[in-house]
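# Remarks on the overall topology
The residues making up each chain are set out below.
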Amino acid sequence: MQDRDKLEILVDWLLKSTHTVIFTGAGMSTEAGLPDFRSKTGLWKQKDPTKLASVEAMNQNPEEFYEFYRMRLATLGEASPHKGHKILALWEKDRLIQAIITQNVDGLHHRAGSNRVIELHGTLREAVCLKCKQVYPPQVLEGESIPRCSCGQMLKPGVILFGEMLPQEALRQADIESRRSHLFIVIGSSLEVSPANFFPLEAKGVGAKLVIINLEPTDMDDQADLLIRGKAGEILDYLNKILKDPD
Ligand code: APR
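Quick summary incoming for the structure in this document. Counting from 1, residues in each chain are numbered in the order their sequence is written. Given that this is a predicted model, residues contribute local features only at a pLDDT of at least 70 and side-chain atom pairs are listed and counted only at 80 or more, while totals for whole chains, interfaces and linings are drawn from all residues. Derived side-chain values reflect all non-hydrogen atoms in the structure, with water molecules and hydrogen atoms excluded from consideration.

### With respect to helix H4 (residues 62-78)
In this model H4 runs 25 Å from its N-terminal to its C-terminal C-alpha over 17 residues, within 8% of the 24 Å that 1.5 Å per residue would give. Within H4, burial applies to Pro62, Phe65, Tyr66, Phe68, Tyr69, Arg70, Arg72, Leu73 and Leu76. What makes two residues a contact is simply this: any of their non-hydrogen atoms within 4.5 Å. By the criteria applied, helices consist of DSSP H or I runs no shorter than four residues and strands consist of E runs no shorter than two, each listed in order from the N terminus. Each element contacted by the buried residues of H4 is listed here: helix H2 (49-52), helix H3 (55-60), helix H6 (108-112), strand S4 (122-129) and strand S6 (155-159). Multiplying 1.5 Å by the residue count of a helix minus one yields the expected span of that helix. Burial status follows relative accessibility: with a 1.4 Å probe on protein chains alone, a residue under 20% of its type maximum counts as buried, one over 50% as exposed, and anything between as partly exposed.

Right, dumping it as structure tokens:
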């Protein structure tokens, strides 16, 4: 089937769906200049995440741990939402989509103007104390020294590290949205990480149509009702153009 036909089918499904959920991964932000994790240029191709992005790494190897997150914060400072992020924010305003569940911690959906954004893996836009749970702005992580809370404990970036539980409220909200969905569109995720990768299957389980828009094959391609190979920003731009000018 031609890609144009697939895009037209997806536009038809978008217009007919009464509850559409978007599920994004790092592939949604590569066109904004942020690396993903598992494609050939991804962050985890050069580094072992469990030795870097874990609470153990923070305690046993704080210098490397904080250097890694300072690097990520610096690249985030140079990034801004691309046209795909802005189109999703527009679609929320036009009530074409009802929620975004994201694995991303870059805050680009919020900065593009989306409101109903469920951040499963936390956010780089804050730091938190593991002991007293006090929240700080991300700037506390900058500089050379180890950032500490007023209670003396080391501060952790507001992201969920490997081995940590996902935020209960985000899981609860993502569960509600997935169960309500009639159309569930995955954009830019390898779908390799659980429990985040449970939600596309949950949506499918309640009868939603599952669409996967991704540059490379994913572990769940065989579950998809529609597969679109391509770049997130470009595909969303094409879809938006068809929506605006159907003929
Ligand atoms: N458009 C569409 N797809 C893209 C684009 C793009 N511009 N750029 C990359 N991709 C695809 C890649 O081919 C890859 O399959 O996006 C996918 C990104 O997959 P991952 O790098 O595994 O990222 P993600 O699925 O978000 O990882 C989930 O793993 O390390 C943890 O917490 C981290 O939230 C992250 C989680």
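### Re the site of the ligand
Neighbouring the ligand are 22 residues, the closest being Arg38, Trp44, Ser189, Ser190 and Glu216. We call two N or O atoms a polar contact when they sit within 3.5 Å, provided that within protein one can donate a hydrogen and the other can accept it, with sequence-adjacent residues counted only if both atoms are side-chain atoms. A distance of 2.7 Å separates an oxygen atom of the ligand from a polar side-chain atom of Arg38. A distance of 2.7 Å separates an oxygen atom of the ligand from a polar atom in the side chain of Trp44. Using a 1.4 Å probe, the Shrake-Rupley method yields the accessible areas, and only the shown protein chains count as cover for residues. In isolation the ligand has 730 Å² of accessible area, and contact with the protein removes 95% of it. Distances are taken per atom, and a residue is near a molecule or strand as soon as one of its heavy atoms is within 4 Å of it.

### Focus on the nonpolar core
A general trend in soluble globular proteins is that nonpolar side chains are found buried together. Here, nonpolar core means buried Ala, Val, Leu, Ile, Met, Phe, Trp, Tyr and Cys residues that are tied together by side-chain atoms lying within 4.5 Å of each other. Counting 29 residues, the largest nonpolar core has Trp44, Phe65, Tyr66, Phe68, Tyr69, Leu124 and Val159 as the members making the most contacts within it. Of all elements in the fold, only H3, H4, S4 and S6 reach the threshold of two or more residues within this core. Element by element, the count of residues in this core is highest for H4, at six residues. Contact partners of Val159, with chain neighbours within four places excluded, come to Tyr69, Val105, His121, Gly122, Thr123, Leu124 and Glu164. Within the second largest apolar cluster, 25 residues are counted, among which are Trp13, Met28, Ile100 and Ile187.

### Section: the environment of Ile97
Within the fold, Ile97 resides in the loop between helix H5 (83-93) and strand S2 (99-102). What makes Ile97 buried here is its relative accessible area of 3%. Ignoring sequence-local partners within four residues, the contact set of Ile97 consists of Leu14, Thr20, Ile22, Leu88, Trp91 and Glu92.

### Here we look at the packing of helix H7 (residues 168-180) against helix H8 (residues 198-205)
Interaxial distance between H7 and H8 falls to 8 Å at its minimum, and their mutual angle equals 35°. Crossing hand, H7 versus H8: right-handed. Counted together, Leu171, Ala174, Asp175, Ser178 and Arg179 of H7 and Phe199, Glu202 and Ala203 of H8 form the full contact between these two elements. For this classification, the nonpolar set comprises Ala, Val, Leu, Ile, Met, Phe, Trp, Tyr, Cys and Pro, the charged set comprises Asp, Glu, Lys and Arg, and every other residue, Gly included, is treated as polar. Classifying every residue of the contact of H7 with H8 by side-chain character gives four nonpolar, one polar and three charged. In this description, a line fitted to the C-alpha atoms serves as the axis of each element, helices being fitted only across the stretch in contact, and the angle between N-to-C directions of two axes falls anywhere from 0 to 180 degrees. Handedness of a helix crossing follows the sense of rotation of the near helix relative to the far helix, less than a right angle counterclockwise being left-handed and clockwise being right-handed.

### Quick look at the pattern of salt bridges
Any carboxyl oxygen of Asp or Glu that lies within 4 Å of a side-chain nitrogen of Lys or Arg is treated as forming a salt bridge with it. All told, the structure shown has 14 salt bridges when counted by the stated rule. Of the charged contacts in the structure, one is a salt bridge between Asp237 and Lys83, with a shortest N-O distance of 3.8 Å. Of this pair, Asp237 sits in helix H9 (residues 232-244) while Lys83 sits in helix H5; the two residues are 154 residues apart in sequence, bridging distant segments of the chain. For Lys83, a relative accessible area of 41% puts it in the partly exposed group. As a salt-bridge pair, Glu164 and Lys156 come within 2.9 Å of each other at their nearest N and O atoms. Taken together, the salt bridges that share partners define one network made up of Lys83, Asp237 and Lys241.

### A short note on the environment of His110
Examined against the element boundaries, His110 turns out to sit in helix H6. Sequence separation of His110 and Lys86 is 24 residues, and the distance between their C-alpha atoms is 9.7 Å. Beyond its immediate chain neighbours, meaning those up to four positions away, His110 contacts Val117, Glu119 and Arg125.

### Details of the packing of H5 against H9
Closest axis-to-axis distance for the H5/H9 pair is 8 Å, and the angle between their directions is 40°. Taken together, the axis directions place H5 and H9 in an arrangement best described as oblique. In the packing of H5 onto H9, the handedness of the crossing is left-handed. Residue-level inspection shows Lys83, Gly84, Ile87, Leu88, Leu90 and Trp91 of H5 in contact with H9, the latter providing Gly233, Glu234, Leu236, Asp237, Leu239, Asn240 and Leu243. Grouping the amino acids of the contact of H5 with H9 by side-chain chemistry returns seven nonpolar, three polar and three charged. For classification purposes, angles smaller than 35 degrees are called roughly parallel, those larger than 145 roughly antiparallel, those between 65 and 115 roughly perpendicular, and all remaining angles oblique.

So, to be careful, I would describe these as geometric facts and stop short of saying anything about function.
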